[in-house]
Amino acid sequence: MIGVSTLMQYAGPLVGQRRFDMDMPLLVAAFCLLGLGLVMVSSASIEVAAGLLNNPLYYMTRQIVYLLIGLAALVCVLSIPIRLWEQFRFPLLFLGFALLIAVLIPGIGREVNGSWRWIAVGPINVQPSELAKLFSVVFLAGYLVHRQDEVKERWFGFIKPFMVLFPMAFLLIVEPDFGATVVLLGAAVGMLFLGGVGLFRFILLFGSLTIAAGALIVTESYRLQRMIGFLNPWDDPYGSGYQLSQALIAFGRGHWTGLGLGNSIQKQFFLPEAHTDFVFAVLAEELGLIGALSAFALLIFVAVRSLYIGLWAERAGRLFPAYLAYGLAIMWIGQILINVGVNVGLLPTKGLTLPFLSYGGSSLVVCCITLGLLLRIDWERRQALREAVND
């Protein structure tokens, strides 16, 4: 017979007297972003959906479905003990590799705009890179715990995880998905640094990855064109600099308070990918600088709060949850900074979704799973602390 305590452990923070004993600031902030994301996706996509699909609510309806799936995933993740993620880190890593290989196989993967990034599952497109990034963070958190001394003291212990991550990064480059590669390796570097890697080795690794990223840019003509367009989009506003110049026009139209919700001009076939990669530009146009800064502050709050969850777990001696929280937080920070940087012209144009806000099923569901993991990590820490006090 399964005892009541075991059932409570698997039910997590959803049952019992302390079922709402979670990190409420993180939960409320994330739910605000999810609500704002649904509103902005609906607003940014309505013209495109009406013109191309004769259904102005097409993308909004799909985003609602994705959101419901994401919330169901959130509830499920809240009921899974963190130790099970640690226990199954290798099967999850193999699953990530299998998905990244499968997406490159014709007949399984789906090609869109020259990229093989999606697997069609009925009416839904799954983006394996989103799951692969999550599973790689789970794997690396376990590695840092079980090989802690080796990572800190030996070069081989420091290099070993990249013998796994570099093949995964190669598969992402083949798709190609340069943005996901940067986020994956950036999260790995950040986790290793927080896991105690020496400063010299960290600087050496960071410098090597920077050089490799530069080489990847100059060896592909389309990436080089994006870099040139990023440096001065007005040199070719109807070619390589088109997306960025249209995004900057959206920011200029917004002024301080915006044109009002639904009144964006740029979303009317001027700004490509207005409801996905450039939803932040539409937000700035409709809600103004004040709205854009408020949304950005909320995103940064969620990311920094996640780092604190990792810090609190580490201080409590819970190393795997701590490193997992660090990795998830860094992954969010990377995506936020890259997406917003692209929208405002600080970084070259790159197809990378904005967590919680952009349209996309895989991104939204993985965001909800990540949120569930962070809430579960903090809930388990609170439960352990309470039990220690009672003892």
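Rules used in this analysis
- Residues numbered from 1 in each chain as written.
- Predicted model: local features only at pLDDT ≥ 70, side-chain atom pairs only at ≥ 80, totals over all residues.
- Heavy atoms only, no water.
- Core = buried A, V, L, I, M, F, W, Y, C linked by side-chain atoms within 4.5 Å.
- Buried < 20%, exposed > 50% of the residue type's maximum accessible area, 1.4 Å probe, protein only.
- Helix = DSSP H or I, 4+ residues; strand = E, 2+ residues; numbered from the N terminus.
- Contact = heavy atoms within 4.5 Å.
- Pairing = 2+ DSSP bridges.
- Patch = residues over 30% accessible without salt bridge, like charges linked within 9 Å, V, L, I, M, F, W, Y side chains within 5 Å.
- Areas by Shrake-Rupley, 256 points an atom, 1.4 Å probe, with all protein chains shown as cover.
- Salt bridge = Lys/Arg side-chain N within 4 Å of Asp/Glu carboxyl O.
- Phe/Tyr/Trp six-rings, centres within 6.5 Å; stacked < 30°, edge-to-face > 60°.
- Expected span 1.5 Å × (residues − 1).
- Axes fitted to C-alpha atoms, helices over the stretch in contact; angles between N-to-C directions.

### Focus: the nonpolar core
Counting 103 residues, the largest nonpolar core has Trp85, Leu324, Phe356 and Leu373 as the members making the most contacts within it. If one sorts the elements of this core by residue count, helix 15 (residues 319–344) sits on top with 14 residues. Non-local contacts of Trp85, meaning those with residues more than four positions away in its chain, are made with Val77, Ile80, Leu92, Val138, Phe320, Ile369 and Leu373.

### Notes on the pairing of strand 2 (residues 115–121)
Two elements, strand 1 (residues 109–112) and strand 2, share 4 bridges in a ladder whose sense is antiparallel. Considered in strand 2, the bridge of Val112 is made with Ser115. Relative to strand 3 (residues 124–126), strand 2 runs antiparallel, the two being bridged by 3 bridges. By the bridge assignment for strand 3, Val121 is matched with Ile124. Hairpin connection between strand 2 and strand 3: a loop of 2 residues separates the two successive antiparallel strands, and Gly122 in this loop has a positive phi of roughly 65 degrees.

### Quick look at a nonpolar patch on the surface
Taken together, the side chains of Trp155, Phe156, Ile159, Met163, Phe200 and Leu204 define a hydrophobic patch exposed on the protein surface, amounting to about 660 Å² of accessible area. Broken down by secondary-structure element, the contributors of at least two residues to the nonpolar patch are helix 8 (155–159) and helix 11 (199–219). Element by element, the count of residues in the nonpolar patch is highest for helix 8, at 3 residues. Tracing the backbone shows Phe200 in helix 11. For Phe200, a relative accessible area of 61% puts it in the exposed group.

### Observations concerning the packing of aromatic side chains
Applying the stated criterion across every chain, the model contains 10 aromatic pairs. Ring centres 6.0 Å apart and planes at 65 degrees place the aromatic pair Phe90 and Phe139 in the edge-to-face group. Taken as a pair, Phe90 in helix 5 (residues 89–102) and Phe139 in helix 6 (residues 128–146) lie far apart in primary sequence, 49 residues in all. By relative accessible area, which is 5% here, Phe139 ends up buried.

### Considering helix 6
Taking 1.5 Å of rise per residue, 19 residues should cover 27 Å, and helix 6 covers 27 Å from first to last C-alpha, within 8% of that figure. Counting buried positions along helix 6 yields 16 of 19 residues, so the element is predominantly enclosed.

### Focus on the sheet that holds strand 2
Strands sit in the order 1-2-3 across an open sheet of 3 strands; the sheet is antiparallel. Two strands bound the open sheet, and with one partner strand each, they are strand 1 and strand 3. The sheet shows a mean angle of 50 degrees between the axes of neighbouring strands, direction not considered.

### Structural notes on the pattern of salt bridges
It is possible for side chains of opposite charge to pair when their charged atoms get near one another. Following the criterion strictly, the structure yields 7 salt bridges and no others. Glu130 is the partner of Lys133 in a salt bridge, and the nearest nitrogen-oxygen pair spans 3.7 Å. Pair noted here: Lys133 and Glu130 are both in helix 6, with a separation of 3 residues, about one helical turn. Judged by relative accessible area, which is 6%, Glu130 ranks as buried. For Arg381, the salt bridge is made with Asp378, and the minimal N-O distance between the two is 3.0 Å. Of this pair, Arg381 and Asp378 both sit in helix 16 (residues 361–390), 3 residues apart, roughly one helical turn. Under the relative-accessibility criterion, Arg381 is labelled buried at 15%. One salt-bridge network, in which partners are shared between bridges, spans Arg318, Arg376 and Glu380.

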